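Close look at the chain arrangement
The lines below spell out each chain.
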Amino acid sequence: MIQWPCVFKLDGDYELMFIGSESMLASELESLIWSDADQLIDSVGQGYIIRESRGHYAFEASGELLSLTAITQLIQEHEFSKAEMCLTKIQFTSVQEAIQSLAAEQ
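Every value quoted in this text rests on a predicted model; they were computed, and no experiment measured them.

A few words now on unusual backbone geometry. The peptide bond linking W4 to P5 adopts the cis configuration, its omega dihedral lying at 0°. By the secondary structure assignment, P5 is in the segment before β1 (6-9).

To continue, consider the pairing of strand β2 (residues 16-19). Side-chain alternation along β2 places L16 and F18 on one buried face and M17 and I19 on a second face that is also buried. Of the pairings in the sheet, the one linking β1 to β2 comprises four bridges and is antiparallel in character. Following the sheet pairing, K9 is matched in β2 by L16. Once β1 ends, the chain turns through six residues before running back antiparallel as β2, passing G12 with a positive phi of about 75°.

How each quantity is defined
- The written sequence of each chain sets the order in which its residues are numbered from 1.
- Only residues with pLDDT of at least 70 are given local features in this predicted model, and only at 80 or more are side-chain atom pairs given and counted; all residues enter the totals for whole chains, interfaces and linings.
- Remark: hydrogens and water are excluded; side-chain values derive from all non-hydrogen atoms of the structure.
- A run of DSSP states H or I qualifies as a helix once it reaches four residues; a run of E qualifies as a strand once it reaches two. Both are numbered from the N-terminal end.
- Any residue under 20% of the maximum accessible area for its type is buried, any over 50% is exposed, and the rest in between are partly exposed; the area is computed with a 1.4 Å probe on protein chains only.
- A pair of strands is considered paired only if DSSP assigns at least 2 bridges between the two.

Read these as spatial facts, not as claims about activity.
Quick look at the structure:
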């Protein structure tokens, strides 16, 4: 079961998108060009592959559980690509805190 909020990681891109709920994700998916290689990462670090069939979305656990270190690395890469923040200041105590830090970007 997905633990919200989440981040949406586009394959081959450093951009991360904060996703607060399933309805918010559905809205974003309708407006984005996305692929099966993109990944949703929930607040405990579980990765999900998104499948679409006839306008309905299904979330399949990828079997990959990302650590706090891995999530922090993704956020550091995301922030570095924007060149707005010192990377050494990006530290978190939990995956949920790390994901929640992206909420302010909306």
